[in-house]
Amino acid sequence: MRIGIIGSGYVGTTVAACLADFGHDVIAVDVDDAVVGRLNDGESSISEPRLDALLDRYAGSSLFATTDYDDLADVDVVFLALPTPTNDDGSIDTAYVEAGAEALGRVLADVEGYPTVVVKSTIVPGTTADLIAPILERESGLRVGTDFGLAVNPEFLREGSAVEDFQQPDKLVFGTNDERALDALETVFAPLLDDVPVVRTGLSEAEMIKYANNAFLAAKISLVNELGNICKEYGVDAYEVADAIGLDDRIGEQFLRSGVGWGGSCFPKDVAALVAAARDRGYDPQLLQAAIDVNDHQPERMLDLLDEHVDVAGERVAVLGLAFGSGTDDVRNSQAIPIIEGLRERGADVIAYDPNRGAVENMRGRFPDVTYLASASPTLSGAAAALVVTDWPAFGALDREFDLMAGDVVIDGRRVVERRDGITYEGLTW
């Protein structure tokens with residue numbers, strides 16, 4: 001098939017590369033000339049394992065990037081994969097999706113056949129039908145369900161494993177009110193249909209499934225962190241408790257690692273958006289708000305543990321990990337941000353390190369006065385204390401590097417460091 005992808009950010013780039021790998025001809029549209037140029041050179045603007053290899057393989061052949069929406073005039077299916085950032089009240093900002101729909105609508109009338117527009121962006125229930133569809137109809141002069149199809153296909157891509165998640169998903173969700181649009185989606189994802197559960201549902205249901213998925217996982221992590229905090233008070237190993245309850249198939253073993261909490265581009269944004277949307281409808285989702293509150297408090301608990309051991313005013317303190325999770329350069333909503341803010345408020349001299357250089361540069365934009373070093377050893381050297389914030393496997397291999405510290409306090413927010421003689425070790429929830 002001929003497929004268009006509007007938006008070449010994290011989701012759009014991954015989808016474009018993976019669909020090219022499925023054998024489709026893909027046109028990626030983005031407003032940023034630099035992003036387009038890099039894609040056509042086979043390079044990604046994001047850090048994601050296996051993605052550059054796919055781009056290098058297909059750029060210039062079955063994958064082409066452009067800034068011109070008119071290049072979409074011969075597509076069969078086009079995905080809207082544009083960001084929906086958070087407003088101050090937690091609601092989503094749909095300006096990028098609206099602008100993309102307007103530009104697409106002006107081209108849609110020139111597309112032959114029955115093109116299908118697929119919303120990949122994360123938007124609250126009703127947005128596709130009540131906002132996107134009217135824009136497309138107004139700009140194109142066409143009618144949904146008569147002249148073109150409309151569908152919702154939410155993404156469930158984890159940063160650090162997005163290519164794998166696309167190629168080996170737990171499920172596919174096809175939201176449509178139109179058999180022809182459903183047929184188009186099934187053709188796009190044909191290589192996966194024999195092995196993956198497919199949920200065929202309506203537009204609003206598909207939109208809600210994405211939010212429900214992320215809200216459930218975020219709440220599960222916050223619940224485990226709450227239990228871990230209680231375990232800490234009793235001197236109980238929270239991980240042994242989690243291993244035991246994970247054997248119950250009603251609970252499951254995944255997302256039971258307590259620690260400093262969740263961040264990134266999805267969980268914080270999606271849970272806040274769902275809370276805001278529910279309140280807009282007159283319902284107060286107290287459990288989801290509690291999940292946010294517990295998560296927001298975890299960095300402060302980590303700093304409180306530090307305070308019990310050392311006064312960091314005027315002292316060098318090492319922060320290990322800046323990305324919100326391992327395998328990515330994304331620092332959006334990283335728990336390292338409130339950790340660094342709290343250390344600076346305490347008068348500490350913050351020295352930071354992350355194995356991903358992109359994460360360092362991204363965090364430097366937020367905290368330009370923090371000292372960033374190129375490896376763990378010089379970061380730990382002379383430090384009164386160290387805080388482990390990201391679960392990079394390399395941090396689990398650290399040992400004698402801690403002997404370079406002037407102090408001996410290690411606060412581990414991810415349970416990746418081994419306890420040993422010579423360091424005063426504190427786990428956040430164990």
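Values in this document were obtained by computation on a predicted structure and should not be read as measured data.

Conventions used here
Residues numbered from 1 in each chain as written. Predicted model: local features only at pLDDT ≥ 70, side-chain atom pairs only at ≥ 80, totals over all residues. Heavy atoms only, no water. Buried < 20%, exposed > 50% of the residue type's maximum accessible area, 1.4 Å probe, protein only. Helix = DSSP H or I, 4+ residues; strand = E, 2+ residues; numbered from the N terminus. Pairing = 2+ DSSP bridges. Axes fitted to C-alpha atoms, helices over the stretch in contact; angles between N-to-C directions. Contact = heavy atoms within 4.5 Å. Disulfide = S-S within 2.5 Å. Patch = residues over 30% accessible without salt bridge, like charges linked within 9 Å, V, L, I, M, F, W, Y side chains within 5 Å. Areas by Shrake-Rupley, 256 points an atom, 1.4 Å probe, with all protein chains shown as cover. Salt bridge = Lys/Arg side-chain N within 4 Å of Asp/Glu carboxyl O. Lys, Arg positive; Asp, Glu negative; His and termini not counted. Charge placed at Lys NZ, Arg CZ, Asp CG, Glu CD. Polar contact = N/O pair within 3.5 Å; in protein donor to acceptor, adjacent residues only side chain to side chain. Core = buried A, V, L, I, M, F, W, Y, C linked by side-chain atoms within 4.5 Å. Phe/Tyr/Trp six-rings, centres within 6.5 Å; stacked < 30°, edge-to-face > 60°.

The next thing to look at is the pairing of strand E13 (residues 409-412). Here E13 shows a buried face lined by Val409 and Ile411 and a second buried face lined by Val410 and Asp412. The sheet contact formed by strand E12 (residues 385-388) and E13 spans four bridges and is parallel. Bridge assignment links Ala385 to a residue of E13, and that residue is Val409. As judged from the four bridges shared by E13 and strand E14 (residues 424-427), these two strands associate in the parallel manner. Residue Val409 lies in a different strand from E14, and its bridge partner there is Thr424.

Here we come to the sheet that holds strand E7 (residues 172-176). Spatial strand order, E3-E2-E1-E4-E5-E6-E7-E8: eight strands in an open sheet with mixed pairing. What marks the edges here is a single partner per strand, and that holds for strand E3 (63-66) and strand E8 (198-201). Recorded for the sheet is a direction-independent mean angle of 20 degrees between the axes of neighbouring strands. Along the sheet, helix H7 (residues 179-188) makes contact with strand E1 (2-6), strand E4 (77-80), strand E5 (116-119), strand E6 (149-152), E7 and E8, crossing E7 at roughly 155 degrees.

Moving on, we get to the environment of Val416. Tracing the sequence through the fold places Val416 in the loop between E13 and E14. Taking relative accessible area as the criterion, Val416 reaches 17% and is therefore assigned buried. Separated by 270 residues in sequence, Val416 and Thr146 place their C-alpha atoms 56 Å apart. With near-sequence residues (within four places) excluded, Val416 lies in contact with Val388, Asp391, Phe395 and Gly396.

A word on the state of the cysteines. All chains considered together, the criterion is met by zero disulfides. Among the cysteines around Cys266, which has no disulfide bond, Cys18 carries the closest sulfur, lying 16 Å off.

A few words on the sheet that holds E13. Ordered in space as E11-E10-E9-E12-E13-E14, the six strands form an open sheet in which the pairing is parallel. If you trace the sheet from one side to the other, it starts and ends with strand E11 (371-372) and E14, each paired once. In the packing of helix H11 (residues 286-309) onto the sheet, the strands contacted are E12, E13 and E14, and the crossing angle to E13 comes to about 165 degrees. Of the strands in this sheet, strand E9 (316-320), strand E10 (349-353) and E12 touch helix H12 (residues 336-345), which is tilted by about 175 degrees from E9.

This part takes up a negative patch on the surface. Together, Asp68, Asp70, Asp71, Asp74, Asp110 and Glu112 give the surface a local cluster of negative charge. Relative to the assigned elements, Asp70 resides in the loop between E3 and E4.

Below, the discussion takes up the environment of Asn362. Residue placement: Asn362 occurs in helix H13 (residues 357-366). C-alpha separation for the pair Asn362 and Leu322, spaced 40 residues apart in sequence, amounts to 9.0 Å. Only 2.8 Å separates the side chain of Asn362 from the backbone oxygen of Asp329, close enough to count as a polar contact.

Counting 55 residues, the largest nonpolar core has Leu306, Val319, Leu322, Leu343, Met363 and Leu387 as the members making the most contacts within it. Per-element tally for this core: the top contributor is H12, with five residues. Among the nonpolar cores identified, the runner-up in size contains 44 residues, and Ile123, Phe148, Trp262 and Leu274 belong to it.

Pairs may arise between side chains of opposite charge once their charged atoms sit close together. Tallying each qualifying case throughout the model produces 24 salt bridges. The partner of Arg138 in a salt bridge is Glu102, and the shortest N-O contact between them spans 3.6 Å. With Arg138 in helix H5 (residues 127-140) and Glu102 in helix H4 (residues 95-108), this residue pair connects regions lying 36 residues apart in the sequence.

Enumeration over the complete set of coordinates arrives at eight aromatic pairs. Centre to centre, the rings of Phe79 and Phe189 are 6.5 Å apart; their planes meet at 85 degrees, and the pair counts as edge-to-face. Of this pair, Phe79 sits in strand E4 while Phe189 sits in the loop between H7 and E8; the two residues are 110 residues apart in sequence, bridging distant segments of the chain. Taken individually, Phe79 and Phe189 each receive the classification buried, so the pair is uniform in this respect. With a centroid separation of 5.9 Å and an interplanar angle of 35 degrees, the aromatic rings of Phe166 and Phe189 are classed as tilted. With Phe166 in helix H6 (residues 162-167) and Phe189 in the loop between H7 and E8, the pair connects residues that are 23 residues apart, well separated along the chain.

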